[in-house]
Amino acid sequence: MNINNSNILITGGSSGIGKETAKQFIAKGATVVITGRNEAKLKQVAEEIGAIPLLFDVSDAASIPSMTAKAIELLDGKLDTLVNNAGIGVFPHLGEITIADLQAVYNTNVFGLALLTQEVVKTFKEQSYGNIINIGSTAALKGFERGSIYAASKFAVRGMTQCWQAELRKHNIRVSLVNPSEVASAFANENREERQEEENKLGPKEIADTIVNLVEMRDKGFVPEVTVWATNPF
Ligand SMILES: NC(=O)c1ccc[n+]([C@@H]2O[C@H](COP(=O)([O-])OP(=O)(O)OC[C@H]3O[C@@H](n4cnc5c(N)ncnc54)[C@H](OP(=O)(O)O)[C@@H]3O)[C@@H](O)[C@H]2O)c1
């Protein structure tokens, strides 16, 4: 797809991977709506990068239909690409798992992502066109110690991605999964501050580069899944 003059919705665009992806799309001429939960940060980042802010907590299932309509309205009724990036993680050992943590992670990573996509797909089907980029994780591929809740949520994202690929190809809707390994960001930081970039770890740039490449591919093809590793994280 030609990114110039396209319209894009990125959930969780106010920091880390989502922010960098929004910046890159905007630099290529797209109009981008970014969402987040912290209004002050969202507005400040939107102003900094030239995005349209939409205060929209995807874990609030009841608000998803009206907030999706609002996002599409902000883009004058046309949406080309949805980046399902908003995600959270908690990492308890088995024995410390609580229903509250399970629900919080699933509400954002799984239920919100599914219900939002379902709304957006109505527009994509009307257009007979659209791109969906789901942000998974290497935790979507393999479990690890303390990963019960997070890995399970990302396995679910991977499963849904494959189902949507099967359902949506015939509508010219491309669905891709991007699995980053560890990225220095605000992810899982209780104070929500961004981590400094580290020499041997991925930064948001490597993931944003990947997402932009997927979307830029000519519409006749798409990459179902891509995993990004740091070259030498040790
Ligand atoms: N960082 C890693 O090591 C890593 C590795 C693999 C995969 N990932 C995945 O990559 C995605 C982005 O992570 P990141 O590293 O960029 O994290 P981040 O810096 O913490 O950014 C997360 C973004 O999502 C927003 N967000 C969180 N929950 C939300 C909700 N319920 N509704 C709307 N917005 C919400 C945050 O906004 P607020 O601050 O306002 O909540 C923020 O803009 C996530 O899906 C994560 O699971 C990250």
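A short tour of the structure in this document, coming up. (Residues numbered from 1 in each chain as written. Predicted model: local features only at pLDDT ≥ 70, side-chain atom pairs only at ≥ 80, totals over all residues.)

Below, the discussion takes up the overall build of the protein chain. Secondary structure summary: the protein chain contains six helices and seven strands in total. Order of helices (α) and strands (β) in the protein chain, N terminus to C terminus: β-α-β-α-β-α-β-α-β-α-β-α-β. A compact globule built from 234 residues should have a C-alpha radius of gyration of about 17 Å, and the protein chain, at 17 Å, falls within 12% of that. On the principal axes, the C-alpha backbone points of the protein chain span a range of 45 × 35 × 35 Å. Burial status across the protein chain gives 41% buried among its 234 residues. (Helix = DSSP H or I, 4+ residues; strand = E, 2+ residues; numbered from the N terminus. Rg over C-alpha atoms; globule rule 2.2 N^0.38 Å. Buried ≥ 20, exposed ≤ 12 C-beta atoms within 10 Å, placed from the backbone.)

What follows deals with unusual backbone geometry. Its identity as a non-glycine residue notwithstanding, Ser-128 has a phi of 50°, on the positive side. Tracing the sequence through the fold places Ser-128 in the loop between helix 4 (99-127) and strand 5 (130-135). According to the C-beta neighbour criterion, Ser-128 is exposed, with 10 such atoms within 10 Å. For Arg-192, which is not a glycine, the phi torsion comes out positive at approximately 65°. If you trace the backbone, Arg-192 turns up in the loop between strand 6 (173-180) and helix 6 (204-216). Residue Arg-192 is classed as partly exposed on the basis of its C-beta count, with 13 C-beta atoms lying within 10 Å.

In this structure, Ile-8, Leu-9, Ile-10, Val-32, Ile-34, Ile-207 and Ile-211 are the most contacted members of the largest nonpolar core, which totals 49 residues. Tallying contributions element by element places helix 4 first for this core, with six residues. Contact partners of Ile-34, with chain neighbours within four places excluded, come to Ile-10, Gly-13, Ser-14, Gly-18, Ala-22, Leu-42, Ala-46, Ala-51 and Pro-53. (Core = buried A, V, L, I, M, F, W, Y, C linked by C-beta atoms within 7 Å. Contact = placed C-beta atoms within 7 Å.)

A few words on the sheet that holds strand 5. Overall, parallel pairing links the seven strands, which are arranged 3-2-1-4-5-6-7 in an open sheet. Across the chains shown, the open sheet's two edge strands, defined by having one partner strand only, are strand 3 (52-55) and strand 7 (225-228). Ignoring strand direction, the axes of neighbouring strands in this sheet form an average angle of 15°. Judged from the six bridges that link them, strand 5 and strand 6 form a sheet pairing that is parallel. Looking across to strand 6, one finds that Asn-134 is bridged to Leu-177. Across the sheet, helix 1 (residues 16-27) lies against strand 1 (7-10), strand 2 (31-36), strand 4 (81-84), strand 5 and strand 6, angled at about 170° from strand 2, the strand it touches most. (Pairing = 2+ DSSP bridges. Axes fitted to C-alpha atoms, helices over the stretch in contact; angles between N-to-C directions.)

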